[in-house]
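# Architecture and fold: a report
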Amino acid sequence: MAHIHKEFLIDNSPENVWDALREVGAVHRRMVPGFVTDTRMEADTRIVTFANGVVVHELIVDIDEDARRVAYAVVGGSLAPKRHHASMQVFDATEGRSRFVWTTDVTPDELAGSISEMVEQGAHVMQDTLKATPVTPAPTDR
């Protein structure tokens, strides 16, 4: 079983990064726009369409609010691993930044290269997308 581990910093607070990550049905808007072109939910399965045409069906295994962790497994689509399990987790880092950890285990080993490349590309898009702190609406006077 191949193991892919990617760790990187995001110039945004863990709370803001977690807010985007936990919205599992909005990956194409909140996390990696352009890299993922569409995401839709069917019960507990996320259908993800990538810009390169790959479509995967990901079973959302867990959304852990306390640990700020999402776990998922590819269970169908055009990428057909024998086994696939991944998790993404957000940690506190220094100076209001977040440490993002993305771990994937996959068989057959031959898929590791292409999945690793997609993880690398996704990480870069994620860093760019999430680096700016979201603007909060100004309170309205009543």
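Scoring rules and cut-offs
- Residues numbered from 1 in each chain as written.
- Predicted model: local features only at pLDDT ≥ 70, side-chain atom pairs only at ≥ 80, totals over all residues.
- Heavy atoms only, no water.
- Helix = DSSP H or I, 4+ residues; strand = E, 2+ residues; numbered from the N terminus.
- Rg over C-alpha atoms; globule rule 2.2 N^0.38 Å.
- Buried < 20%, exposed > 50% of the residue type's maximum accessible area, 1.4 Å probe, protein only.
- Contact = heavy atoms within 4.5 Å.
- Polar contact = N/O pair within 3.5 Å; in protein donor to acceptor, adjacent residues only side chain to side chain.
- Phe/Tyr/Trp six-rings, centres within 6.5 Å; stacked < 30°, edge-to-face > 60°.
- Lys NZ or Arg CZ within 6 Å of the ring centre and 35° of its normal.

## Observations concerning the overall build of the protein
Secondary structure assignment for the protein yields three helices and seven strands. Listing the helices and strands of the protein from first to last along the sequence gives β-α-α-β-β-β-β-β-β-α. Computed over C-alpha atoms, the radius of gyration of the protein comes to 15 Å, within 12% of the 14 Å expected from 2.2 N^0.38 for 142 residues, which places it in the range of a compact globule. Burial statistics for the protein: of 142 residues in total, 43% are counted as buried. Taking the intrachain contacts of the protein between residues at least 6 apart in sequence as the baseline, contacts between residues at least 24 apart amount to 48%.

## Some details on the side chain of Thr104
Its place among the elements puts Thr104 in strand β7 (residues 98–107). Its relative accessible area of 2% is what places Thr104 among the buried residues.

## Points about the side chain of His84
Note on placement: His84 falls in strand β6 (residues 83–92). Taking relative accessible area as the criterion, His84 reaches 11% and is therefore assigned buried. Among the polar contacts made by the side chain of His84, one reaches the main-chain amide nitrogen of Val74 at a distance of 3.1 Å.

## Remarks on the packing of aromatic side chains
Taken as a whole and judged by the stated rule, the model has two aromatic pairs. Considering the side-chain rings of Phe35 and Phe50, the 5.4 Å spacing of their centres and the 75° angle between planes classify their relative orientation as edge-to-face. Of the two residues, Phe35 is situated in the loop between α2 (27–31) and β2 (36–42) and Phe50 in strand β3 (residues 45–50); the sequence distance between them amounts to 15 residues. The exposure class assigned to Phe35 is buried, which follows from its relative accessible area of 13%. In this structure Phe50 comes out as buried when scored by relative accessible area, which is 11%. The ring of Tyr72 has Arg46 sitting right over it, with the charged end atom 5.2 Å from the ring centre. Sitting above the plane of the Phe91 ring, Arg99 keeps its charged end 4.4 Å from the centroid.

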